[in-house]
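# Chains, contacts and geometry: an overview
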Amino acid sequence: MNIVTAMRQRLSTFLFLSIMALGLSSGAAAAAEEKIATAPDQDALEVSIAIPIGSSEGRGLSYSRLQFPVVITNRSEKPVRIFQERFSWGYDALSFEVTDPDGKLWKIEKGISAWTMNGPGYWILPPHEHLVIEVNLSDTKTWKPFPTVKDFPADITMRAVFETSPTKESKRLSVWTGRVVSKTEKYRLYDPR
């Protein structure tokens, strides 16, 4: 056997073993991934608006600074995947239903966004852990306008809605889909001046 034939055999053996090793390691990675990527439980998540009750006025917000955290909680015993809001798959998952002082119901949701980089990115929320989303409804570049209020203090009700519709990406990546709503709470809006 000449040196060229011997090198070809060694290269073929090396390539064969490399391909086998890659197949085994990707199979192990897929098996590890499968522990997370099981079909998500529709009832796994809970959503809440985190505005505490004040000493005497109840839950209050400044009308000019409508900022507060929203908490998504994984109530299940398994990790849950949630699409990230910085990509189109999760961008508009969070919205709000507000009843103004006159009793009119408003849906407050994000406006249209242009995407320069986009992909179905997701968070993995471990069992009984929380994802905190900072919301600023005063940011009219992101959110559709809040109902106009003229007389203060004004009482409204509000609840958060977290909803993701099924897509081929949600099925392929085993990302949570469904709809959960927070409790409807009464809030007092204060004069911005």
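## A look at the pairing of strand S5 (residues 94–99)
Within S5, five of the six residues are buried, leaving the element largely enclosed by the surrounding structure. Pairing geometry for S5 and strand S9 (residues 154–164), over six bridges, is antiparallel. If you follow Glu97 over to S9, its bridge partner there is Arg159. Pairing geometry for S5 and strand S6 (residues 105–108), over four bridges, is antiparallel. Within S6, the residue paired with Val98 across the bridge is Trp106. In textbook terms, the turn of a hairpin is the stretch between consecutive antiparallel strands, and for S5 and S6 this stretch comprises five residues, one of which, Gly103, has a positive phi near 90 degrees.

## What about the confidence of the model for the chain?
When the pLDDT values of the chain are averaged, the result is 85; 78% of them are 70 or greater. Predicted confidence for residues 24–37 stays below pLDDT 50, and this span has seven contacts to residues more than four positions away or in other chains.

## Overview of the nonpolar core
Counting 35 residues, the largest nonpolar core has Phe68, Ile72, Phe96, Leu137 and Phe162 as its most contacted members. Residue contributions to this core peak at five residues, all from S9.

## A short note on the sheet that holds strand S3 (residues 67–74)
Across a sheet, strands are paired by hydrogen bonds formed along the backbone, either parallel or antiparallel in direction. With antiparallel pairing, the three strands of this open sheet are ordered in space as S1-S3-S8. Edge positions in the sheet fall to strand S1 (45–49) and strand S8 (130–136), since each has one partner strand and no second. Averaged over all pairs of adjacent strands, the angle between strand axes in this sheet comes to 20 degrees, irrespective of strand direction.

## Quick word on the packing of aromatic side chains
A full pass over the atoms with the stated rule returns seven aromatic pairs. Plain terms: the ring middles of Phe83 and Trp89 are 6.5 Å apart, the flat faces sit at 40 degrees to each other, and that makes the pair tilted. Judged by centre distance (5.8 Å) and plane angle (25 degrees), the ring pair of Phe162 and Trp176 falls under stacked. With Phe162 in strand S9 and Trp176 in the loop between helix H3 (168–173) and strand S10 (178–181), the pair connects residues that are 14 residues apart, well separated along the chain. Accessibility expressed as a relative area gives 1% for Trp176, which makes it buried. Within the aromatic cluster, the residues linked to one another by ring pairs are Tyr63, Phe146 and Phe152.

The rules behind each value
- Residues numbered from 1 in each chain as written.
- Predicted model: local features only at pLDDT ≥ 70, side-chain atom pairs only at ≥ 80, totals over all residues.
- Heavy atoms only, no water.
- Buried < 20%, exposed > 50% of the residue type's maximum accessible area, 1.4 Å probe, protein only.
- Helix = DSSP H or I, 4+ residues; strand = E, 2+ residues; numbered from the N terminus.
- Pairing = 2+ DSSP bridges.
- pLDDT = per-residue confidence, 0-100.
- Contact = heavy atoms within 4.5 Å.
- Core = buried A, V, L, I, M, F, W, Y, C linked by side-chain atoms within 4.5 Å.
- Axes fitted to C-alpha atoms, helices over the stretch in contact; angles between N-to-C directions.
- Phe/Tyr/Trp six-rings, centres within 6.5 Å; stacked < 30°, edge-to-face > 60°.

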